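Coordinate inspection notes
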Amino acid sequence: MTLRATVDTPQKPFRLNYGFGSHRGLRRQLNEDSLVVTGNLFAVADGMGGHEAGEVASRICVETLAAGVKEVRNDLTADELQQLMVTADDAIRQVGGSRAGTTLAGAAIVRELQGLYWMVFNVGDSRTYRLSEGDFTQVSVDHSEVQEMVDQGYLTSEEARHHPRRHVITRALGTGEASEADFWMLSVHDGDRLMVCSDGLTSEVTDQEIRKELAENHSPQDAVDVLIRRALDGGGRDNITVIVVDVEDTEAEDERVITSPRSTEKDEGDEHQTTRPRFNGDSGGRMVGGKRVFDTDEESTAEEGEGR
C-alpha cells in the first residue's frame, strides 16, 4: 500500500510517498516485528524474548510512538521524540519485567530552526538507509558485538554478516542496561528515498543488492515487495519488515511522473494509531487478525488486511 502525506514548511512543500510490508519469514512461527507508519514517522521494531514476549515488546514500542506522534501531529520535535523512546522503554520494562525487549530504527520529520529535517534514530541492529542524489548510505550504526569488532578493525563488514555472534546486540529498549538511542539529523531533500528495515532483510540481502532494488523500483511499494521476496529467496530465517519512503517537492510535480497510490477503503469509526501486520507464510503476505492502519496529515485511513 502506498499513501501520500503532504508536509509543508514556510519555504517549500513536500509530499511523502511510502510503502511497507512485513513477513514472518520461512522459519519463525511468529512475526515479532512491528511497524508504525504515519504522516511524519516511519519506524520498525524487532522484538525479542521468546514465547511471544518479543511480539508484546515491539507492539508496545510502536504504539507508544504512534500515540505520542498523534498528539503533536506535524509539530514533532527532536526532544519530544527522544522522550517517547524513554516512555516506551519504561512501558516495556513494566510489562515484561526486563525480560522482553525490542530493537527500534526509523526516521521522523521534525521541525528545527524553521526547517524540516529527517531525525534518524536507532537502538539495536534494525537499520535506516538513505538513497539521495545517487549516494547510498547506511545512516544508522548497529549496536551489536560484530559492529564493535568492525569498528575496532577485527572484522570486515562482509565477515560480520556471517559471524556466529552477528545477532548479539548491545542495546535494546525494555531490557538490559543500555537502551539509549543514537540520533542523526539530515536535511530533507527532494528525491530522497529512505528505507527502514529489521535485520531479517539485511541478514539475507547485501547492501549492494538493496541499493540496486531501491534504485530500480520507482514505486516505494514495489521496492518493499521486491526486497521482501529477495530476503525470502535468501533463506528467510527471520522476520522481515521493510518501509520505503520517498520525498517529493510538490512545486516540481509537473516535471516528473508520479505513481498513483493504490486504492484504500476508509473506515472513519476505527482508532488510527499504528500498524502491526502479521502475515501468513506466502511471499505476497496477507494480514492475519488485524488491520493495516495509516495516518495522513488530512485524514486517517484503515484498510482490512486482504493483501498488500
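Data block above holds the structure.
Residues numbered from 1 in each chain as written. Predicted model: local features only at pLDDT ≥ 70, side-chain atom pairs only at ≥ 80, totals over all residues. Heavy atoms only, no water.

Notes on the overall build of the protein chain
Applied cut-off: Helix and strand definitions follow DSSP, with helices as H or I runs of at least four residues and strands as E runs of at least two, each counted in order from the N terminus. For the exposure calls, accessible area comes from a 1.4 Å probe over protein chains only, and a residue counts as buried if that area is under 20% of its type's maximum, exposed if over 50%, partly exposed in between. We call two residues in contact whenever any of their non-hydrogen atoms come within 4.5 Å of each other. Exposure was quantified through the Shrake-Rupley algorithm and a 1.4 Å probe, taking into account, for residues, occlusion by the shown protein chains and nothing else.
In terms of helices and strands, the protein chain carries seven helices and 13 strands. Split into buried and exposed, the 308 residues of the protein chain put 55% on the buried side. Residue pairs in contact within the protein chain that sit at least 24 positions apart in sequence constitute 68% of those at least 6 positions apart. Approximately 13400 Å² of the protein chain is accessible, and the part contributed by carbon and sulfur atoms is 44%.

Quick notes on the packing of aromatic side chains
The condition that has to hold: Between 30 and 60 degrees the pair is tilted, below 30 it is stacked and above 60 it is edge-to-face, where a pair is any two Phe, Tyr or Trp rings, Trp via its six-membered ring, whose centres lie within 6.5 Å.
Tallying each qualifying case throughout the model produces three aromatic pairs. Ring geometry for Y18 and F42: centres 5.0 Å apart, planes at 65°, overall edge-to-face. Taken together, the residues Y18 in strand 2 (residues 13–23) and F42 in strand 4 (residues 41–48) connect sequence positions 24 residues apart. For F42, a relative accessible area of 0% puts it in the buried group. An angle of 5° between the planes, with centres 5.3 Å apart, marks the rings of Y129 and F136 as stacked. Across the pair, exposure class does not vary: Y129 and F136 are buried alike. Put simply, the rings of Y18, F42 and W118 pair up and form one aromatic cluster.

Some thoughts on the packing of helix 1 (residues 53–72) against helix 2 (residues 78–96)
In a packed pair of helices, the relevant descriptors are the angle between the two axes and the axis-to-axis distance. The condition that has to hold: Axis lines are fitted to C-alpha atoms, over the contacting stretch for helices. Their N-to-C directions set the angle, which ranges from 0 to 180 degrees. Each crossing gets its hand from how the near helix is turned against the far one by less than a right angle, where anticlockwise is left-handed and clockwise is right-handed.
It is at 9 Å that the axes of helix 1 and helix 2 come closest, and there the two elements cross at 145°. For helix 1 against helix 2, the interelement crossing comes out right-handed. Across the interface between the two elements, V56, A57, I60, C61, T64, L65, G68, V69 and V72 from helix 1 touch E80, L81, L84, M85, T87, A88, A91, I92 and V95 from helix 2.

Description of helix 6 (residues 207–216)
What counts here: Working note: the arc is built from the helix axis to C-beta atom directions.
Along helix 6, the residues classified as buried are I210, E213 and L214. End-on, the buried residues of helix 6 take up no more than an arc of 100°, which puts them together on one face. Of the exposed residues in helix 6, the ones pointing more than 90 degrees away from its buried face are Q208, A215 and E216. Residues of helix 6 that are buried sit in contact with strand 7 (127–132), strand 8 (135–138), strand 10 (193–197), helix 5 (199–202), helix 7 (220–233) and strand 11 (240–249).

Some words on the sheet that holds strand 3 (residues 33–37)
As a reminder of what qualifies: When DSSP finds two or more bridges between a pair of strands, those strands are recorded as paired.
Reading across the sheet, the five strands line up as 3-4-5-6-9 and stay open at both edges, with antiparallel pairing between neighbours. Edge positions in the sheet fall to strand 3 and strand 9 (182–187), since each has one partner strand and no second. Across the sheet, the axes of successive neighbouring strands diverge by a mean angle of 15°, strand direction being ignored. For strand 5 (residues 101–112) and strand 6 (residues 115–123), the ladder comprises nine bridges, and the chain directions are antiparallel. Bridge assignment links E112 to a residue of strand 6, and that residue is G115. Across the sheet, helix 1 lies against strand 3, strand 4 and strand 5, angled at about 160° from strand 4, the strand it touches most.

Describing the environment of N17
Summarising the element assignment, N17 is placed in strand 2. Residue N17 is classed as buried on the basis of its relative accessible area, which comes to 4%. Taking the C-alpha atoms as reference, N17 lies 9.6 Å from G39; in sequence the two are 22 residues apart.

Examining unusual backbone geometry
At S98, a position not held by glycine, the phi torsion is positive, near 65°. Classification of S98 by relative accessible area gives partly exposed; the value is 34%. Backbone geometry places E133, a non-glycine residue, at a positive phi of 50°. Mapped onto the fold, E133 is located in the loop between strand 7 and strand 8. E133 sits in the exposed class, given a relative accessible area of 70%.

Describing the pattern of salt bridges
When their charged atoms lie close together, side chains carrying opposite charge are able to pair. In plain terms, the rule: The salt bridge definition used is simple: a Lys or Arg side-chain nitrogen within 4 Å of an Asp or Glu carboxyl oxygen.
Counted according to the given criterion, the structure contains 16 salt bridges. The partner of R59 in a salt bridge is E63, with the nearest N and O atoms 3.5 Å apart. With R59 and E63 both in helix 1, this residue pair falls four residues apart, about one helical turn. By relative accessible area, which is 28% here, R59 ends up partly exposed. Judged by its relative accessible area of 30%, E63 falls in the partly exposed class. Connected through shared salt-bridge partners, E209, K212, E213, E216 and R230 make up one network.

Some remarks on the packing of helix 6 against helix 7
For clarity, the threshold we go by: Angular relationships are summarised with four words: roughly parallel below 35 degrees, roughly antiparallel beyond 145, roughly perpendicular across 65 to 115, and oblique for the angles in between. Side-chain classes are defined by residue name, with Ala, Val, Leu, Ile, Met, Phe, Trp, Tyr, Cys and Pro counting as nonpolar, Asp, Glu, Lys and Arg as charged, and the others, Gly among them, as polar.
In contact at an axis separation of 9 Å, helix 6 and helix 7 are set at 150° when each is read in the N-to-C sense. Classified by the angle between their axes, helix 6 and helix 7 sit roughly antiparallel to one another. Relative to helix 7, the crossing made by helix 6 is right-handed. On the side of helix 6, the interface is formed by E209, I210, E213 and L214, while helix 7 contributes A223, V226, L227 and R230. Each residue belonging to the contact of helix 6 with helix 7 can be placed in one class, and the counts come to five nonpolar, no polar and three charged.

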